[in-house]
Amino acid sequence: MIEIKNLDPASPFLAQLQGPDDGSPVTLVNTFVAPEGQIDKVIDVWRQDSLIMKARPGFVSAQLHRGLGDSRVLTNVAVWESLTALRNAFQCEEFQQTIPLYPDGSLSYPVVVRKHAVSGVCVA
């Protein structure tokens, strides 16, 4: 089973999901570390759970990124229409049933973010 870790202890992932929703899009950035020799299995389970998420209301897109060389790091970047849509998809029973399918020792570091404008560099 996969273990969910928090990048920011001040704002745990599950607390982020329960936060207020202003209706604007959110992006889930979820970095996985696969156990030694299990990256193909992690990708297979990610595919299964992503097909479930893709069918949920409010899903916009997902892209999996894989570390180069012998890296066991995978990063999923998934865009949702709103925090509520992501929360509902995450909590659905069908998705929750895929969590135990990840190989033991799998780690997940999810964070929910929104675009942030920085003057002279990027727009929100």
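For the structure itself, look to the data block above.
Since the structure is predicted, the reported quantities are computational estimates derived from the model, not experimental observations. (Residues numbered from 1 in each chain as written. Predicted model: local features only at pLDDT ≥ 70, side-chain atom pairs only at ≥ 80, totals over all residues. Heavy atoms only, no water.)

Asks: How should the environment of T31 be read in this particular structure?
Replies: Here T31 lies in strand β2 (residues 26-33). For T31, a relative accessible area of 23% gives the class partly exposed. As for T31 and A89, which are separated by 58 residues in sequence, their C-alpha atoms are 18 Å apart. Excluding residues that lie within four positions of it along the chain, T31 makes contacts with V73, L74, T75, L107, S108 and Y109. There is a polar contact of 3.1 Å between the side chain of T31 and the side chain of T75. (Helix = DSSP H or I, 4+ residues; strand = E, 2+ residues; numbered from the N terminus. Buried < 20%, exposed > 50% of the residue type's maximum accessible area, 1.4 Å probe, protein only. Contact = heavy atoms within 4.5 Å. Polar contact = N/O pair within 3.5 Å; in protein donor to acceptor, adjacent residues only side chain to side chain.)

Asks: How do you make sense of the pattern of salt bridges when you look at a structure like this?
Replies: When the charged atoms of two side chains lie near each other, side chains of opposite charge can form a pair. Scanning the entire structure with this criterion turns up 4 salt bridges. In this structure, the salt-bridge partner of E3 is K5, at a minimum N-O distance of 3.4 Å. On the accessibility criterion, K5 (31% relative accessible area) is partly exposed. Here D21 and R114 are joined by a salt bridge, their closest N and O atoms 3.7 Å apart. Remark: R114 occurs in the segment after β5 (107-113) and D21 occurs in the loop between α1 (13-17) and β2; sequence separation between them is 93 residues. Relative accessible area serves as the criterion here: at 35%, R114 is assigned to the partly exposed category. (Salt bridge = Lys/Arg side-chain N within 4 Å of Asp/Glu carboxyl O.)

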